[in-house]
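# A closer look at the structure
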There are 2 protein chains.
Amino acid sequence: MPKDGAAAPSHWKAFASRRRDPATKREAVLQTAAHLFLEKSYGRTSLNDVAERLNITKPALYHYFRNKEEILLECYRLGTGLIEEILNEIAAHCGTGLEKVAAFIYSYANVMTVNFGRCVMRLDEGDLSSQAFAEVRTYKRKIDRRLRSFIEEGIADGSIAPCDPKIAAFSIAGAVNWICIWYEPEGELPAEEIASQFARTLTQGLARTTPNSGEREVSRQEPLP
Amino acid sequence: MPKDGAAAPSHWKAFASRRRDPATKREAVLQTAAHLFLEKSYGRTSLNDVAERLNITKPALYHYFRNKEEILLECYRLGTGLIEEILNEIAAHCGTGLEKVAAFIYSYANVMTVNFGRCVMRLDEGDLSSQAFAEVRTYKRKIDRRLRSFIEEGIADGSIAPCDPKIAAFSIAGAVNWICIWYEPEGELPAEEIASQFARTLTQGLARTTPNSGEREVSRQEPLP
DNA sequence: GTTTTTTCTTACCCACGGGTAAGATATCAG
DNA sequence: CTGATATCTTACCCGTGGGTAAGAAAAAAC
């Protein structure tokens, strides 16, 4: 069990001094909050817990956030921001549909190992107000649409075997999203390893559709940007 | 399998009379509780909510369960029970590793559309006591091990292309588990349709590993038992 | 009918946690 | 140095929800 100063530290330092630096302090709150939300869930994390880790008291938090939910929503925003970045990058990155899907899986899997990224898929949307909920759902829907379009593109250009894009997208999204459930930052598997393995496995597929002459090469795919 | 009668209710009928029938009343509590847990999450579901749906009052629930957590744990137990059943069936069902994996995906996906099954993967383990948590984790670990063994079996018998069984199992498990997140009992896609599509997609794989002469046949795989 | 047992209700306790009020103290601009 | 402002604390409010006490009312046992 992670102790106070061991694995997740450095953020209480932001509040060591009373110097006026709202930006970094706000950031510190979000980082520790995200950490705790992932560890104990939003509902079981009290603002006292957050404050305690930062060596301050609960009301101090209200200088940086209007309420608890705003902290949660900000975590979602930072996470979806990361995802949106990579989506734009990939869309611009010319290539076959299959290549785009592979690039997506690789980058997305990596995001799922970052705190804010994990928050997006791991935290319970039900804790959000209806407005914030709608906002987050818009982001998510966008992601799903993009992935599906990559697949359709791949079917069109022949790089992907004909299939139902909706189901394929659900499969891939599920496989990658689930990473944020079992991934442990302190675990054995490094993030990039997971990402590249997933990119390979999911694009290559599991079944041997046609009997190969020899053993299929277990080539290491170069990690995409 | 267990078909939920109407959309949601019908369970309050169990408490319409004061006749002594603890078994069905207990069942009714579990069904409505599971329903609410999936709808609003465990944390946001109060025992008053559960009681209200059953047209009784909160303390009445304590005649059938020691506390709130016992209700939750029982949902987990019923769900894992369903999964264990299908696992045993498949292990006995002779066939190649790939066939076992396909059968697993099909049956498992179906379970993920049933309330108690969904509870197993959708609900937050953090709400369980450490004892119950350990029990549930044991079940889940077992499932993962079984799936992985099916894959290894398939690689050994040549029905599955060489790959890392751990990553493959994580991918498949993630894709199928994620169903319980987005599946809506009232939605368009029927459960069996999802299950068979997933079984096909995930075993067939997405990428075309070798250029086929013609269009790949989109054969309908017969729904496994 | 009478007694016993189960079932369920009304009324209550209390710990927890989000949020606020009001004031103390440090930082900064001048 | 001085006043203004941002920062943070102590003390408090109160709604919510899990859980209990004690007893009423219905069902079964006799």
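Since we're looking at a predicted model, the values are computed, not measured. (Residues numbered from 1 in each chain as written. Chains lettered and ligands numbered in written order. Predicted model: local features only at pLDDT ≥ 70, side-chain atom pairs only at ≥ 80, totals over all residues. Heavy atoms only, no water.)

### Details of the protein's contact with DNA strand D
Close contacts around DNA strand D come from 23 residues, with Arg20, Thr57, His63 and Tyr64 of chain A together with Lys58 of chain B the closest. Sugar and phosphate atoms represent 55% of those atoms of DNA strand D found within 4 Å of the protein. Contact between DNA strand D and arginine 20 of chain A: a base oxygen at 2.6 Å from a side-chain N or O atom of the residue. One of the backbone nitrogen or oxygen atoms of threonine 45 of chain B is found 3.4 Å away from a phosphate oxygen of DNA strand D. Only helix H1 (22-40) and helix H3 (58-61) of chain A together with helix H3 (58-61) of chain B provide two or more residues apiece to the surface near DNA strand D. Looking at side-chain class alone, the surface near DNA strand D contains 9 nonpolar, 6 polar and 8 charged residues. (Near = heavy atom within 4 Å. Polar contact = N/O pair within 3.5 Å; in protein donor to acceptor, adjacent residues only side chain to side chain. Helix = DSSP H or I, 4+ residues; strand = E, 2+ residues; numbered from the N terminus. Nonpolar A, V, L, I, M, F, W, Y, C, P; charged D, E, K, R; others polar.)

### Digging into the protein's contact with DNA strand C
Within the structure, DNA strand C sits among 23 residues, and Arg20 and Lys58 of chain A together with Lys25, Thr57 and Tyr64 of chain B are positioned closest to it. Looking at DNA strand C alone, sugar and phosphate atoms form 56% of those within 4 Å of the protein. Here a phosphate oxygen of DNA strand C and a backbone polar atom of leucine 47 of chain A are 2.8 Å apart. Between a sugar or linking oxygen of DNA strand C and a side-chain N or O atom of arginine 18 of chain B, the distance comes to 3.2 Å. Of all the secondary structure elements, the ones that give two or more residues to the surface near DNA strand C are H3 of chain A together with helix H1 (22-40) and H3 of chain B. Partitioning the surface near DNA strand C into residue classes produces 9 nonpolar, 6 polar and 8 charged.

### Quick look at the environment of phenylalanine 65 of chain A
Residues and elements named next belong to chain A. Within the secondary structure layout, phenylalanine 65 lies in the loop between H3 and helix H4 (68-92). In this structure phenylalanine 65 comes out as buried when scored by relative accessible area, which is 3%. Between the C-alpha atom of phenylalanine 65 and that of arginine 26, which follows or precedes it by 39 residues, the distance is 8.2 Å. (Buried < 20%, exposed > 50% of the residue type's maximum accessible area, 1.4 Å probe, protein only.)

### Here we look at the pattern of salt bridges
Evaluation of the coordinates by the stated rule reveals 28 salt bridges over all chains. The partner of glutamate 70 of chain B in a salt bridge is arginine 66 of chain B, with the nearest N and O atoms 3.0 Å apart. Of the residues examined, arginine 66 of chain B reaches a relative accessible area of 65% and is grouped as exposed. Here the residues in one salt-bridge network are Arg26, Glu74, Arg77 and Glu135 of chain A, joined through shared partners. (Salt bridge = Lys/Arg side-chain N within 4 Å of Asp/Glu carboxyl O.)

### Points about the packing of H1 of chain B against helix H6 (residues 115-122) of chain B
Residue and element names in this part refer to chain B. The interhelical angle for the contact between H1 and H6, taken along N-to-C directions, is 45°, at an axis separation of 10 Å. By the angle class used here, H1 and H6 are oblique. Seen from above, H1 lies across H6 with left-handed handedness. Touching Leu30, Gln31, Ala34, His35 and Leu38 of H1 are Asn115, Phe116, Arg118, Cys119 and Arg122, all from H6. Of the residues assigned to the contact of H1 with H6, the class counts are 5 nonpolar, 3 polar and 2 charged. (Axes fitted to C-alpha atoms, helices over the stretch in contact; angles between N-to-C directions. Parallel < 35°, antiparallel > 145°, perpendicular 65-115°, else oblique. Left-handed = near helix turned anticlockwise from the far one by under 90°. Contact = heavy atoms within 4.5 Å.)

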